[in-house]
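Structural overview for review
Here is how the chains run, residue by residue.
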Amino acid sequence: TYIGWLMHRTWGGVVAGALFVLPSLVILIALSWMYIAFGSVPLVAGLFYGIKPAVTAIVLQAAYRIGSRALKNEVLWAIAAASFVALFALDAPFPAVIAAAATIGYVGGRLAPKKFAVGGGHGISDKSFGPAIIDDETPAPSHAAFSRRRFGSVALVGLLLWLVPMSVLMIIYGWNHLLTQMSWFFTKAALLTFGGAYAVLPYVYQGAVSHYGWLTPTQMIDGLALGETTPGPLIMVVAFVGFVGAYVNAPLGPAHLFLAGAIAASLVTWFTFLPSFLFILAGGPLVESTHNDLKFTAPLTAITAAVVGAIINLALFFGYHVLWPAGFAGTFDGTSALIALGAALALFRFKAHVIGVIAACAIVGLLVRLAF
């Protein structure tokens, strides 16, 4: 969306972002229905049995990949460690962790600027593909200049695009209806998506499973596994949450289960991505005008470090549910552990592609389930 906006103004951002999201939404609605209809079939259950341990390894690799670029000194390592402890041991709210990290970054940028001036996470490449259309030295286009009038108009349009559908839902169904509550919850989740889906998924799990009870823990793990195997951003797992939650709870009655699921998936996708579009279209000029300004980059550097700790916490969370399906009081799933270990070895040691690892683990899981 940002690239589309920078190259072709507002409509460029809208078109680029929409075409990035819509195919995933259609695919996930179809796959979510197949999951509900055929999830208990041995073939499908076996595939999921192999994919879920692989997801644990993939999340760990994500933490390593981000951490190796972001944790450049002991201060940032300490922030990542503190974030992990706060989430894992103290059960601190994710928004509070992000706010604390931003505050540390803001203060640290003033007191110890060298610790937070770590630059971007891009590696140096010896390959040259010629000049980019918009390179690091390219002057910002005219529409990237900040304007209070444009900022206000975009913010107003964004607010209306949120307020109108939310008001319609409240008028037709009321505040406590499942579709209204899903729309409100995923609006809040969207505002917390610092660092991508891996960072905010614990919050989504807490709301969708623990607080509202839309999904079971197993369904949520399966949803993440499904999200990893489909094209598009991983945050599209919210479409799975919306579809399954509405299909199971039947907010439109037992005769319209698929319709309820499709509407819920579309609504949660709209309310999840709308703030992102708004932030980019309204805030893009602010970003373009603050390159290398430590007052703005230091808090984001600290947030990135905190997100590493959050992703490690997520990996342990999923690992726990995969390796001890019935909790610590139950039996340890040694086969799942071996699959997870094999996936980690393929990803870290042999640099295997994620899709190949998922496919291999799915086949292994299917063979194991058919054999036993």
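Residues numbered from 1 in each chain as written. Predicted model: local features only at pLDDT ≥ 70, side-chain atom pairs only at ≥ 80, totals over all residues. Heavy atoms only, no water.

So, on to helix α13 (residues 334-348). End to end, α13 covers 21 Å across 15 residues, agreeing with the expected 21 Å (1.5 Å per residue, within 8%). Packing partners of the buried residues in α13 comprise α2 (42-70), α12 (294-323) and α14 (354-371). (Helix = DSSP H or I, 4+ residues; strand = E, 2+ residues; numbered from the N terminus. Expected span 1.5 Å × (residues − 1). Contact = heavy atoms within 4.5 Å.)

The next thing to look at is the side chain of Thr187. Its location among the elements puts Thr187 in helix α7 (residues 178-190). Residue classification places Thr187 among the buried residues on the basis of a relative accessible area of 8%. A polar side-chain atom of Thr187 sits 2.8 Å from the main-chain carbonyl oxygen of Ser183. Discounting residues that sit within four places of it in the chain, Thr187 has contacts with Trp162 and Phe271. (Buried < 20%, exposed > 50% of the residue type's maximum accessible area, 1.4 Å probe, protein only. Polar contact = N/O pair within 3.5 Å; in protein donor to acceptor, adjacent residues only side chain to side chain.)

With 26 residues, helix α6 (residues 148-173) extends 37 Å between its outermost C-alpha atoms, agreeing within 8% with the 38 Å of an ideal straight helix rising 1.5 Å per residue. Along α6, the positions that sit buried rather than exposed are Val154, Gly158, Met166 and Leu169. Residues of α6 that are buried sit in contact with α7 and α11 (257-288). Looking at the residues trailing α6, positive phi occurs at Gly174, about 95°.

In this structure, Phe186, Tyr198, Leu201, Trp214, Leu215, Met220 and Ile311 are the most contacted members of the largest nonpolar core, which totals 98 residues. Of all the elements, α12 adds the most residues to this core, at 14 residues. The contacts of Ile311, once residues within four sequence positions are left out, are Val59, Ala62, Ala63, Ile66, Tyr198 and Ala199. The next biggest cluster of nonpolar side chains, apart from the first, holds seven residues, and it includes Leu6, Ala144, Ile280 and Leu281. (Core = buried A, V, L, I, M, F, W, Y, C linked by side-chain atoms within 4.5 Å.)

Mapped onto the secondary structure, Leu201 falls in helix α8 (residues 197-211). When the C-alpha positions of Leu201 and Ala189 are compared, they lie 8.8 Å apart, and in sequence the two are 12 residues distant. In contact with Leu201, other than residues within four places in its own chain, are Met220, Leu224, Leu234, Val237 and Leu314.

With that out of the way, let us pick up the pattern of salt bridges. Taken as a whole, this structure holds two salt bridges when the rule is applied. Asp222 serves as the salt-bridge partner of Lys52, at 3.1 Å between the closest nitrogen and oxygen. Of this pair, Lys52 sits in helix α2 while Asp222 sits in helix α9 (residues 217-229), placing them 170 residues apart in sequence. You'll find Lys52 and Asp222 in the same group, each marked buried. (Salt bridge = Lys/Arg side-chain N within 4 Å of Asp/Glu carboxyl O.)

For any two helices packed against each other, the geometry comes down to the angle between their axes and how far apart the axes lie. Two elements in contact, α8 and α12, have axes whose closest approach is 7 Å; the angle formed by their N-to-C orientations is 55°. As the angle between them shows, α8 and α12 are arranged oblique. As α8 runs across α12, the sense of the crossing is left-handed. Side by side, α8 and α12 meet where Tyr198, Ala199, Leu201, Pro202 and Tyr205 of the first sit next to Val307, Ile311, Leu314, Phe317 and His321 of the second. Along the lines of polarity and charge, the residues of the contact of α8 with α12 split into nine nonpolar, one polar and no charged. (Axes fitted to C-alpha atoms, helices over the stretch in contact; angles between N-to-C directions. Parallel < 35°, antiparallel > 145°, perpendicular 65-115°, else oblique. Left-handed = near helix turned anticlockwise from the far one by under 90°. Nonpolar A, V, L, I, M, F, W, Y, C, P; charged D, E, K, R; others polar.)

So, on to the side chain of Gln219. As for its position among the elements, Gln219 is in helix α9. Using a relative accessible area of 17% as the deciding quantity, one classes Gln219 as buried. Apart from residues lying up to four places away in sequence, Gln219 is in contact with Tyr35, Phe240, Val244 and Val248.

A few words on the packing of α6 against α7. Running from amino to carboxyl end, α6 crosses α7 at an angle of 150°, the nearest separation of the two axes being 9 Å. As judged from the angle between their axes, α6 and α7 are roughly antiparallel. Seen along the crossing, α6 lies across α7 with a hand that is left-handed. Residues Trp162, Met166, Leu169, Met170 and Tyr173 of α6 lie in contact with α7, whose contacting residues are Leu179, Thr180, Ser183, Trp184 and Thr187. Its residues assigned to classes, the contact of α6 with α7 comprises seven nonpolar, three polar and no charged.

Turning our eyes to something else, we now look at the environment of Val308. Here Val308 shows up in helix α12. Along the backbone, Val308 and Gly232 are 76 residues apart, and their C-alpha atoms lie at a distance of 22 Å. The contacts of Val308, once residues within four sequence positions are left out, are Ala63, Ile66, Gly67, Leu71 and Ala80.

Now for the packing of aromatic side chains. For the coordinates displayed, the defined rule picks out 21 aromatic pairs. Taking 5.2 Å as the distance between ring centres and 10° as the angle between the ring planes, the aromatic pair formed by Phe84 and Phe88 counts as stacked. Within this pair, Phe84 and its partner Phe88 are both found in helix α3 (residues 74-88), separated by four residues, close to a single helical turn. Its relative accessible area of 22% is what places Phe84 among the partly exposed residues. (Phe/Tyr/Trp six-rings, centres within 6.5 Å; stacked < 30°, edge-to-face > 60°.)

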